[in-house]
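# Inside the fold
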Amino acid sequence: MTTFVELLLGGLSIGSVYALIALGFVVIFKATEVVNFAHASLLLAGGYVTAVLHDDLGFWPALLVGIAGAAAVGAAIEFFVMRRYRGSDHSVLAIVTIGVDILLITELTRRMGTDVLALGDPWGNEVVNIGGITLAQTRIAAFLAAGLLITVFLLAFRYTSWGVSMRAAAENPQTAALMGIKLGRVSLAAWAVAGALAAVAALFLTVFPTPGLERATSLAALKAFPAAILGGLDSTTGALAGGLIVGVTESLATGYQSDLSFLGRGIGDLAPYLVMVAVLLIRPAGLFGTKELARV
């Protein structure tokens, strides 16, 4: 039972980090109706800046610069690349983001080489024991930080002028533009917010018990993609639910992998995608996604 609780709590912690990444997918999709496949490079960029600067600036200033840097990269992608293709088919724009992702990850990988970079976090490898249950302090910090950021985002999304503009643009961009909402600004802000969230997620994906930041860190965005899809790609609530589901599923499948050996090795990595497919077979729009109705 102790093992199950540890795996469950660990899954909720990493799931909250996946929720941050999934939220980035959702924000950009709601603002532009484009699936952003360049999210992995935003995550890697934020983590790289933090890792490079933490020795000189200290951890917290370096983290702030990393968050700002990833937000700036996201805004630059929107302004210099995506805006030039405005009006194009959304599938074309999604392919453009794939090209951007390849370019950025190639450059970041060239700079990193084969090194595994530490981000200088203050938690180290410290653990907390509660009633026989052992949890890394980094996992607790990840859950609390992700919960705080998601709460702040949802409140801003609901009660600020930016959130109203975002919801209006997502509901009907043509009408929103006629009402005076600057769609370009909404899109730019969405990319910047997605980059900032990805930078925070990069931190908690590279601290203990993982060795640090490396090329494979960007693949975490691929694990968060099923979270966004099964939750509903146009639902902020769905991003949260999807992230937690994916995190718990991955943790339990990995922890009980020996008991699931009949399914083959690596079932922990595959489990989130199996859950995504199962949910989509029942609810094609995701758990909280909006169903599109067409009159014929």
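Since the structure is predicted, the reported quantities are computational estimates derived from the model, not experimental observations.

Each value, and the rule that gives it
- Residues numbered from 1 in each chain as written.
- Predicted model: local features only at pLDDT ≥ 70, side-chain atom pairs only at ≥ 80, totals over all residues.
- Heavy atoms only, no water.
- Helix = DSSP H or I, 4+ residues; strand = E, 2+ residues; numbered from the N terminus.
- Contact = heavy atoms within 4.5 Å.
- Expected span 1.5 Å × (residues − 1).
- Buried < 20%, exposed > 50% of the residue type's maximum accessible area, 1.4 Å probe, protein only.
- UniProt positions renumbered as here; feature names shortened; annotations may be inferred.
- 1 Å grid on protein atoms, 1.4 Å probe; cavity = no way out; pocket = protein on both sides within 12 Å on 5 of 7 lines; lining within 4 Å.
- Points joined across faces, edges and corners; volume = space filled by probe spheres on them.
- Nonpolar A, V, L, I, M, F, W, Y, C, P; charged D, E, K, R; others polar.
- Salt bridge = Lys/Arg side-chain N within 4 Å of Asp/Glu carboxyl O.
- Axes fitted to C-alpha atoms, helices over the stretch in contact; angles between N-to-C directions.
- Parallel < 35°, antiparallel > 145°, perpendicular 65-115°, else oblique.
- Patch = residues over 30% accessible without salt bridge, like charges linked within 9 Å, V, L, I, M, F, W, Y side chains within 5 Å.
- Areas by Shrake-Rupley, 256 points an atom, 1.4 Å probe, with all protein chains shown as cover.

Moving on: the side chain of S41. Tracing the backbone shows S41 in helix α2 (residues 39-57). Those residues in contact with S41 that lie beyond four places of it in its chain are D101, L104, I105 and L108.

Attention shifts here to the side chain of E250. As for its position among the elements, E250 is in helix α10 (residues 236-255). With residues up to four places along the chain from it excluded, the contact list for E250 reads Y18, K223, G268, D269 and P272.

What follows is about helix α8 (residues 183-206). In a regular helix each residue adds 1.5 Å, so 24 residues correspond to 34 Å; α8 covers 35 Å between its end C-alpha atoms and thus fits that length. With 18 of 24 residues buried, α8 is to be regarded as a mostly interior element.

This part is about the UniProt feature "transmembrane region" (unreviewed entry) in the protein. As annotated by UniProt and renumbered to match this structure, "transmembrane region" (unreviewed entry) occupies residues 6-27, 59-80, 92-110, 130-157, 188-208 and 270-290. Regarding residues 188-208, the helix share stands at 90% and the strand share at 0%, and the terminal C-alpha atoms are separated by 33 Å.

Over its 16 residues, helix α11 (residues 267-282) extends 22 Å from the first C-alpha to the last, a length consistent with the 22 Å expected when each residue adds 1.5 Å. When we look at burial in α11, the residues that qualify are I267, G268, A271, P272, M276 and V279.

Another aspect to go through is the environment of F37. Note on placement: F37 falls in the loop between α1 (2-32) and α2. Of the residues examined, F37 reaches a relative accessible area of 33% and is grouped as partly exposed. Spatially, the C-alpha atoms of F37 and L222 are 9.0 Å apart, while their sequence positions differ by 185 residues. If sequence neighbours within four positions are ignored, F37 has contacts with A94, T97, I98, D101 and F225.

Time to look at the layout of surface pockets. By volume, the largest pocket amounts to about 710 Å³. Lining of the largest pocket is provided by 28 residues; of these, I14, Y18, R139, P209 and T210 occupy positions nearest its centre. Mapped by element, the contributors of at least two residues to the lining of the largest pocket are α1, β2 (133-136), α8, α9 (220-231) and α10. Looking at the lining of the largest pocket element by element, the count peaks at seven residues for α1. Of the residues that constitute the lining of the largest pocket, the class distribution is 15 nonpolar, eight polar and five charged.

Here we come to the pattern of salt bridges. On inspection of all chains with the given rule, the structure shows five salt bridges. With a shortest N-O distance of 2.9 Å, R83 and E78 are connected by a salt bridge. The exposure class assigned to E78 is buried, which follows from its relative accessible area of 2%. Close ionic contact of E107 with R110 constitutes a salt bridge, the shortest N to O distance being 2.6 Å. One end of the pair, E107, and the other, R110, are both in helix α4 (residues 90-112), three residues apart, so they sit about a helical turn from each other. What emerges from the salt-bridge pattern is a single network uniting E107, R110 and R111.

Between helix α5 (residues 137-159) and helix α6 (residues 161-171), the least distance of the axes is 5 Å, while the angle of their chain directions is 75°. The angle between the axes of α5 and α6 places the two elements in the roughly perpendicular class. For the pair formed by α5 and α6, the contact residues are F153, A156, F157, R158 and Y159 on the first element and S161, W162, G163, V164, M166 and R167 on the second. Classifying every residue of the contact of α5 with α6 gives seven nonpolar, two polar and two charged.

Judged by side-chain polarity, F37, I95, I98 and I102 come together as a nonpolar surface patch covering roughly 370 Å² of accessible area. Among the structural elements, I98 can be located in helix α4. A residue is classified by how much of its surface remains accessible, and I98, at 38% relative accessible area, is partly exposed.

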